[in-house]
Amino acid sequence: MTAQITQPVSGTESPSSAPGPAPAPSRLRRFARAALPGPAPGANGAAMYRRWWLPWLWTAPAIGCAVVFGVFPFLNTLLLSFTDAKPLGGTAGFVGLDNYTRMLQDDDFWLATRNSVLYAVIVVPLMVLLPLMLAVLVERNLPGIGFFRSAFYTPVLASSVVVGLSWQWLLADDGLVNTWLQKAHLIKSAIPFLSDSWLILLSAMGLTLWKGLGWYMVFYLAALGNVPRELHEAAQMDGAGAVRRFWHITVPGVRQAMMLVGTLTGIGSLRVFTEIYMLGSSTGGPGGADRTLPFYIRDVGLDPITGNAGYGSAVSVALFALTLGLTLLAQRLTKEDES
């Protein structure tokens, strides 16, 4: 008797081969699906494998540094400004607004504020304009222009302390400047660059300008590359001279860079310390007449014997408010210019 093999009907399966319910994924697999990048519904391209927390993971180191070295010190300074804390620690008592009341009645505070504001008023316009003029001079690809670009940038690389010591040697009563002027019979006695309060302040401003010219020159060189050369060529064909092309083409073309340089320079001018310390000694000029706000904060807040960290913190908050006001003003001017 011949055995007959029956084939299952197409499209049907035997009961033994029918799949049962899918096994539930393990706890480890569920966690991996939620945590590890995987296809996300409704996304295309690389976004299919991107989880919401990945950007935060990449920015976590920067955010952590900003919190530790920026946010926390600021909040701590703000809290200390309402206390009578000492520089070397100890018990700090709450004094309310006494530190701010004392600050508003302190003539030395207003003198330091005047010096800082005056420093910014003089340095910022010069630092905005002079590096731009320098960048225009070195922009062209002339033979040997790389040497001059490097020479103008060299002061940026030098330490502020080394530069300050060099200027001390140059501006001393028996220094190079006074010696040369006396030998040229231009002056009879030495100019007191390092002993007169106003000359110390002006000399510090000159040091800031000299050291910052090369740095901001690089900013302007990058901005000048975005100014179309066709505008200069068309203006030159119409008979416009170099000065007219500078004011009507170059300056409008780098206006955004000028705003950035002005903001950075203004913030740096309000925080100036090293230049005054190196040229005016540790007292900040004769009788402390050239002290800026950072210099004054060091004197009243960090002195281990007579210092008051609470009062120094209050002055620091005032410096922050002044800097913030300058920054907001620069942003407002930038928005008005864009509109």
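Owing to the predicted nature of the structure, the values given are computational and were not obtained by experimental measurement.

What counts, and at which threshold
Residues numbered from 1 in each chain as written. Predicted model: local features only at pLDDT ≥ 70, side-chain atom pairs only at ≥ 80, totals over all residues. Heavy atoms only, no water. Helix = DSSP H or I, 4+ residues; strand = E, 2+ residues; numbered from the N terminus. Buried < 20%, exposed > 50% of the residue type's maximum accessible area, 1.4 Å probe, protein only. Contact = heavy atoms within 4.5 Å. Areas by Shrake-Rupley, 256 points an atom, 1.4 Å probe, with all protein chains shown as cover. Salt bridge = Lys/Arg side-chain N within 4 Å of Asp/Glu carboxyl O. Phe/Tyr/Trp six-rings, centres within 6.5 Å; stacked < 30°, edge-to-face > 60°.

Draft legend 1. Spotlight on the overall build of the protein chain. The number of helices and strands found in the protein chain is 14 helices and zero strands. Going from N to C terminus, the protein chain has its helices and strands arranged as α-α-α-α-α-α-α-α-α-α-α-α-α-α. When the 339 residues of the protein chain are sorted by exposure, 32% land in the buried category. Put simply, 64% of the contacts in the protein chain that link residues at least 6 apart link residues at least 24 apart. For the protein chain, the exposed surface amounts to about 21,700 Å²; the carbon and sulfur share of it is 66%.

Draft legend 2. Local environment of the pattern of salt bridges. By the definition in use, this model includes four salt bridges. We note a salt bridge from D108 to R291, for which the minimum N-O separation is 3.8 Å. Here D108 is found in helix α4 (residues 107-138), whereas its partner R291 is found in the loop between α12 (274-280) and α13 (293-301), with 183 residues between them in sequence. Taking relative accessible area as the criterion, D108 reaches 37% and is therefore assigned partly exposed. A salt bridge links E139 to R229; the shortest N-O distance between them is 3.9 Å. Separated by 90 residues along the polypeptide, E139 in the loop between α4 and α5 (145-157) and R229 in helix α9 (residues 229-237) bring together distant segments of the chain.

Draft legend 3. A look at the environment of L137. By the element assignment, L137 lies in helix α4. Residues L137 and F148, eleven residues apart in the sequence, show an inter-C-alpha distance of 9.8 Å.

Draft legend 4. Structural detail: the environment of D299. Within the secondary structure layout, D299 lies in helix α13. Along the backbone, D299 and G288 are eleven residues apart, and their C-alpha atoms lie at a distance of 10.0 Å.

Draft legend 5. Structural context of the packing of aromatic side chains. What the rule picks out here adds up to twelve aromatic pairs. Judged by centre distance (5.6 Å) and plane angle (65 degrees), the rings of Y216 and F219 are edge-to-face. Note that Y216 and F219 are positioned in helix α8 (residues 197-224) at a spacing of three residues, about one turn of the helix. Judged by its relative accessible area of 10%, Y216 falls in the buried class. With a centroid separation of 6.2 Å and 35 degrees between ring planes, the pair formed by Y277 and F295 is classed as tilted. Highlighted residues: Y277 in helix α12 and F295 in helix α13, separated in sequence by 18 residues. The exposure class of F295 is buried, given its relative accessible area of 0%. Feature note: the residues W215, Y216 and F219 constitute an aromatic cluster, connected by ring pairs.

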